[in-house]
There are 2 protein chains.
Amino acid sequence: MPESLIYPVDALKAYVASYFTALDVPEIDAHIAADVLVSADLRGINSHGVIRLYSYYGDRLLKGQINPYSPLSVLKESPATLALDGGNGLGQVVGYRAMSRCIELAEKAGLAITTVRNSNHYGIAGYYAMMALPEDMIGISLTNSQPLVAATFGLPAVLGTNPIAVAMPAGKQKPFVLDMATSIVTIGRIAVHEKSGQPIPAGWGINAQGELTRDPAEVRHGGALLPLGGPAELRGYKGYGLSLLVDLLSGVLSGAAFGTGVGHPSHRGNADVGHFFAAIKIDNFRPVDEFKANMDDYIRALKDTPKLPGQERIFVHGEKEFEKAEKYQSEGVPLLVEIVDALIEAGKAAGVPFDLKPL
Amino acid sequence: MPESLIYPVDALKAYVASYFTALDVPEIDAHIAADVLVSADLRGINSHGVIRLYSYYGDRLLKGQINPYSPLSVLKESPATLALDGGNGLGQVVGYRAMSRCIELAEKAGLAITTVRNSNHYGIAGYYAMMALPEDMIGISLTNSQPLVAATFGLPAVLGTNPIAVAMPAGKQKPFVLDMATSIVTIGRIAVHEKSGQPIPAGWGINAQGELTRDPAEVRHGGALLPLGGPAELRGYKGYGLSLLVDLLSGVLSGAAFGTGVGHPSHRGNADVGHFFAAIKIDNFRPVDEFKANMDDYIRALKDTPKLPGQERIFVHGEKEFEKAEKYQSEGVPLLVEIVDALIEAGKAAGVPFDLKPL
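What you see is a predicted model, and the numbers here were worked out from it, not measured in a lab.

Peer 1: So what exactly am I meant to see when it comes to the overall build of chain A here?
Peer 2: A count of helices and strands for chain A gives 11 helices and 13 strands. By the compact-globule yardstick of 21 Å for 359 residues, chain A fits well, its C-alpha radius of gyration being 20 Å. The buried share of chain A, taken over its 359 residues, is 59%. The contacts in chain A between residues at least 6 apart in sequence include a share of 63% that link residues at least 24 apart.

Peer 1: Can you help me understand the nonpolar core in this one?
Peer 2: Core analysis: the largest hydrophobic core is formed by 256 residues, its most contacted members being A:Cys102 and B:Cys102. Both of domain 1 (1–64 + 332–359) and domain 2 (70–145 + 152–180 + 234–304) of chain B provide at least three residues apiece to this core. Apart from residues no more than four positions distant in its own chain, B:Cys102 is found in contact with B:Leu82, B:Ala112, B:Ile113, B:Thr114, B:Phe277, B:Ala278 and B:Ala279.

Peer 1: Where do I start with the sheet that holds strand S3 (residues 81–85) of chain B in this structure?
Peer 2: Note: strands within a sheet are paired through backbone hydrogen bonds, in either parallel or antiparallel orientation. Residue and element names in this part refer to chain B. In space, the 7 strands of this open sheet follow the order S2-S3-S4-S12-S5-S8-S9, with mixed pairing throughout. With one partner strand each, in any of the chains shown, strand S2 (73–78) and strand S9 (176–180) form the two edges of the open sheet. In this sheet, neighbouring strand axes are inclined to one another by 10° on average, regardless of whether the strands run parallel or antiparallel. Contacting S3, strand S4 (111–119), strand S5 (137–143) and strand S12 (273–281), helix H4 (residues 91–109) runs over the sheet at an angle of about 160° to S4.

Peer 1: So what exactly am I meant to see when it comes to the sheet that holds strand S4 (residues 111–119) of chain A here?
Peer 2: All names here are of chain A. An order of S2-S3-S4-S12-S5-S8-S9 is seen for the 7 strands of this open sheet, with the pairing classed as mixed. A single partner strand is all that each edge strand has here, and the edge strands are strand S2 (73–78) and strand S9 (176–180). Each neighbouring strand pair of the sheet contributes to a mean axis angle of 10°, computed without reference to strand direction. Two strands pair when backbone bridges link them, and S4 and strand S12 (residues 273–281) are joined in this way by 7 bridges, in the antiparallel orientation.

Peer 1: Can you walk me through the relation of the copies chain A and chain B in this structure?
Peer 2: For the pair of chain copies, the relating transformation is a rotation about an axis with a translation along it. For these two chains of identical sequence, chain A goes onto chain B by a turn of 180° and a shift of 0.0 Å along the axis, with RMSD 0.0 Å. Here the transformation between the copies is reduced to the relation of a two-fold axis. It is A:Gly229 whose C-alpha, among those of chain A, lies nearest the rotation axis, at 2.1 Å.

Peer 1: Mind showing me how you'd approach helix H3 (residues 53–62) of chain A here?
Peer 2: Each turn of an α-helix holds 3.6 residues, which means side chains three or four residues apart point in the same direction. Residues and elements named next belong to chain A. Burial of H3 is extensive: 7 of the 10 residues sit out of reach of the surface. Residues of H3 that are buried: Leu53, Tyr54, Tyr56, Tyr57, Gly58, Arg60 and Leu61. The secondary structure elements touched by the buried residues of H3 are helix H1 (9–22), helix H2 (27–42) and helix H11 (337–350).

Basis of the calculations
- The numbering scheme is per chain: residues are counted from 1 as the chain's sequence reads.
- Working convention: letters from A go to chains and numbers from 1 go to ligands, in the order in which they are written.
- Thresholds applied to this predicted model are a pLDDT of at least 70 for local features of residues and 80 or more for the giving and counting of side-chain atom pairs; totals over whole chains, interfaces and linings are not thresholded and use all residues.
- Strands here are runs of E lasting at least two residues and helices are runs of H or I lasting at least four, both read from the DSSP assignment and numbered beginning at the N terminus.
- Values of the radius of gyration come from C-alpha atoms, whereas the globule rule sets the reference at 2.2 Å times the count of residues to the power 0.38.
- Counts of 20 or more other C-beta atoms within 10 Å of a residue's own C-beta define buried residues, counts of 12 or fewer define exposed ones, and intermediate counts define partly exposed ones; C-beta atoms are placed from the backbone.
- We call two residues in contact whenever the C-beta atoms placed from their backbones are within 7 Å.
- We call a set of buried Ala, Val, Leu, Ile, Met, Phe, Trp, Tyr and Cys residues a nonpolar core when their C-beta atoms link them within 7 Å.
- Segment limits for the domains were obtained from an automatic or database-derived domain assignment.
- Paired strands, as defined in this entry, are two strands with at least two bridges between them according to DSSP.
- Orientation is described by lines fitted to C-alpha atoms, with helices fitted over the stretch in contact, and by angles between N-to-C directions that extend from 0 to 180 degrees.
- To line up the copies, we fit them by least squares on C-alpha atoms, keeping just the residues with pLDDT of at least 70 in both.

Right, dumping it as C-alpha cells:
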C-alpha cells in the first residue's frame, strides 16, 4: 500500500476554504467549494479531490482565469426550467447554486432542469445529484469536459469523459448513487498506472496510431481513452453515444463549449464548461414511502443474488463510497503523500501555507 | 446473405393494423401499433419488428393476457408530471399515448415526465423518443424488461436489457437518436448466432456457472447476458448501473414491476412492464436555431475526425437507421424468410391470413 497521512475532515475543509478566501472567493462560496472538493476524498474519489486544489482552481484564480465571485446570471427562466450563465466562476460554486435553484423549482413544479454555460470543472458530478436526496427527489448531474476520448472508428480524442451522475433515495438501504465517467476509465486512472510503472489492461486506451496499447504513457501523450464498451464488437459505440449525449445536454443545450472546444481545467482562457442538472420530486409520481420500500426490496434482492465463484458481495452503486465516507468522517480522511505534497505546493503558490497536522 | 423478400411499407402496415383490429384492438390503436412495429423493420431493427407480431402480441391478445382496449388511467397529474396506469394494454399504444401526453405538457411547461406502470413490451424505445423531434423537443424513452442480464459479480439474470433512447433534433444533419440496450447485446442477437451455428464473441455472455462462453445456447439456456462494459476490469459495473438506473426510473418510480418481477412478453399473466418518458422543449433553454446550428457543427466535426486505419466513416447515432428507413420507405422493406414465415404463422393463428405479395 502506498503511504498515506490521515487528516481530520473538518480541519481539512477549513483549510481549503481559507485557501479559496485568500484568493478572493467570498466566504460562503469558499466553504461550498471546500465541501465539494473534500467530499470527493471522503468518498474515495481522490482524483477529483484536494489534489486538484492548485492545478484546476488555485492556479487559474491566481492568474485571473476563473472569476472568484462566480457571478451567476439568468438567461431564460420558467417555473420548471432555468438556463444560467456561470460567469466563468468556480465550477463547484456554480454547480451548487444551479442545483439548489433546480431543487427549489422542482419543489413546486414536481421536476426541473437547469442548464449552465460558461462554467469550469466542478469536481465530482455525484455531489450535485446527491443534493436532491434529502428532499426526496431524484437528482441528475451531467457535465462535459475537455477532449480525452476517441469516437468509435475515430483516431484522436474528440469527446470528454463526460460523467453521468444520478442519485435516488432508498429507505433503510443506502441511496443509489451512480456517478460514472462514460469512458472505460478516467485519465487519472491512466496517470496512476504511468506513475507506478504498471501497464494498463488492454482495452482502456489507444495510442496515436489508433492501436490498443498497454502503455499508459502512449494513451496520455497523443493517444485517447476508449468509451465504455471498448471496441465496436463489444459495443463501444454505446459508450461513445453516452459520452456524446452528455455533451449534447450539458454543452449544446446550455450554449456552452462542446466537443474539442471545451477547455482543459489547467490551461489558459475560459474553459466554457457546460452542466446539466435535473431534480424529480418522487411524490408527484407515487407516495415516497412506497417508492423507498421498493428501493429497499430491490437493493436487498440484488445483494441476495447468487454470486460468481470467488465473489462474496454484489455492490449497489454508491455503496462503497458511502461506507468510505462514514469511516473517514469519524476516523479522518487518508491522503496519499503525493496529495499532501500537492497541497503544500498549492499553499506556497497562494501564500496560504498548508500546515495541517495529520492524525 | 440470408434470403429476404421485399414488401411495400404501407401495405405491410395495413396488414399489421388489420391483424390487430381482428383481435379487438380499436382501429386507431391498431394503426399506432402497426406503425411502431413496422418502423422497427424500416430502421433495420428486425428483432423488435413484425417478427414479434404473434409471440409478443397476437398470442397474448388471443389468450386475453393483453387488454386490447389499452385503457390508460391517470394516477397522479400536475402541469409537468403525469403518472399513468397502462391498463395492461398494448405497449405500443400505451407508449404512444403516454409520450403524446408528455409532449403536450412540455409544450406548456417547458419539460415534462410521464411514468407508466402495468404496460407491456412496447417495441423499439427510440420510436417514442423520436416523437419529440417535430416539436423541437428532446425526447427520452426508457423501459424495463424481463431479466436477461447479470449484475457484476452475480450469477443469474436479474436485470432487463433495459434500453435508453434519447432523440435530439439537428438542422441540416440527421437528428441524434441514441437507442441502446444497456447490455452489450440483446438476447435476439444471441439467438441469431445460435440459429446460424456461429459462436459469439467472448464477452457477450456467461453460462450457468458464470463463465464467459462463446456458445450462444449456453447464454440463452441458464446463462445471462453481460452489461455494457463486460467484466469489472473493463467497468461492466457501469453498464450494470445503467441497466439498474433504467429499471429504477421505469419500474420503481412508476410503481410497475422491477428486477426479476418483470414478466416475459410471451409468458402468461400480466407483464407489468414500466416505462419512463420525458420531453424537453429546447426553446426554454436557448433559441432553437442556435441549438440546431451547434448540433450540425458538432455532427460535421465528428464526421470529419481522422479515422482509424481501414475505417472510412464515423457514424452518429441514428444515422444508419435513418438511411435504411429512407431507402426502405421508397424501395420496400426487406423481411428475412423466417420473418415472413412468422407472419404466415401469426396470420393462421389469428384468422388473418398473411397474403401480402412481395415486390
